[in-house]
Protein chains: 2
Amino acid sequence: MSSNREIAERFIASLEARDWAAWAGLLHPDVIYEIPQSRERIRGRDRYLRFNQEYPGDWHLRPKVVIADEQHAVVWFEWRLDGRIDDAMVFFEFAGGLITRVTDFWPERYEPPSGREHLVERW
Amino acid sequence: MSSNREIAERFIASLEARDWAAWAGLLHPDVIYEIPQSRERIRGRDRYLRFNQEYPGDWHLRPKVVIADEQHAVVWFEWRLDGRIDDAMVFFEFAGGLITRVTDFWPERYEPPSGREHLVERW
């Protein structure tokens, strides 16, 4: 059985390759996908597959950090779309070698609040 | 020597307790703290300590998921401030039992784009 780390790495690699059979093969049929920022939930592998297949644009994903243990994994990845490059992260739960829950976060850029310039440098 | 998981858990617990000695004791003197969303960087334990001590408001932190391996850890946590409750995540790197790099993300809420209502439920 693949390690949770390997499954997490394959999740991103097969999405990037649009290898839908490989990607769907990592998921439990009753997988739950959630986006807490928009309070959206998708139930089941079939709907989640369709969500990704229908997602517009020529998006690309590159993993930056993968961390896994016996129950969970996370991938911090870079995504590119229409010249924009930003970070996002996806958390996983597993059962029996399949992904049972996916939660991802899409942080937006913001300007720093004032009052901490004496401690901070910008890049 | 504490495990990376234990260090990550203590990082959040000592921040929540405002136990600055315990918190600073987890950090390498040359720790780098980064917030990619605002492109802010703080160099060194002393400045990073001051940044947290000066951070305004009666904020509270509660860990939701901790994942660690030999090199990295992440804590997905809930933060509360002035009646707002949201998720954030902090990634760590380690050397010699101390935290050498901290990167955190503060995702904002957003309304879902249209066109996927046939797949998604809201909460």
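Residues numbered from 1 in each chain as written. Chains lettered and ligands numbered in written order. Predicted model: local features only at pLDDT ≥ 70, side-chain atom pairs only at ≥ 80, totals over all residues. Heavy atoms only, no water.

**Examining the relation of the copies chain A and chain B**
Part 1: Overlaying chain A on chain B yields an RMSD of 0.0 Å, the required transformation being a rotation through 180 degrees with an accompanying axial translation of 0.0 Å. Taken together, the turn and the small shift mark the pair as related by a two-fold rotation axis. Considering only C-alpha atoms, the residue of chain A closest to the rotation axis is Pro 107 of chain A, which sits at 2.1 Å.
Part 2: Both copies share a contact surface, since 100% of the interface residues of chain A are interface residues in chain B too. (Least-squares fit on C-alpha atoms with pLDDT ≥ 70 in both. Contact = heavy atoms within 4.5 Å.)

**A look at unusual backbone geometry**
Residue and element names in this part refer to chain A.
Part 1: Of note, Arg 18 is a non-glycine position whose phi angle comes to about 55 degrees, a positive value.
Part 2: Within the fold, Arg 18 resides in the loop between α1 (4-16) and α2 (20-24).
Part 3: The exposure class of Arg 18 is partly exposed, given its relative accessible area of 26%. (Helix = DSSP H or I, 4+ residues; strand = E, 2+ residues; numbered from the N terminus. Buried < 20%, exposed > 50% of the residue type's maximum accessible area, 1.4 Å probe, protein only.)

**A short note on the interface of chain A and chain B**
Part 1: Contact with chain A, which involves 44 residues of that partner, is made by 44 residues of chain B.
Part 2: Of the roughly 4600 Å² buried where chain A meets chain B, counting both sides, 60% is carbon and sulfur surface.
Part 3: Ranking the residues of chain A by area buried against chain B places Arg 39, Leu 119 and Trp 123 of chain A at the top, with a combined share of 19%.
Part 4: At the boundary of chain A and chain B, one finds 10 salt bridges.
Part 5: The partner of Glu 121 of chain B in a salt bridge is Arg 43 of chain A, and the shortest N-O contact between them spans 2.8 Å. (Buried area = accessible area lost by both parts, 1.4 Å probe. Salt bridge = Lys/Arg side-chain N within 4 Å of Asp/Glu carboxyl O.)

That's the geometry; what it means functionally is another story.
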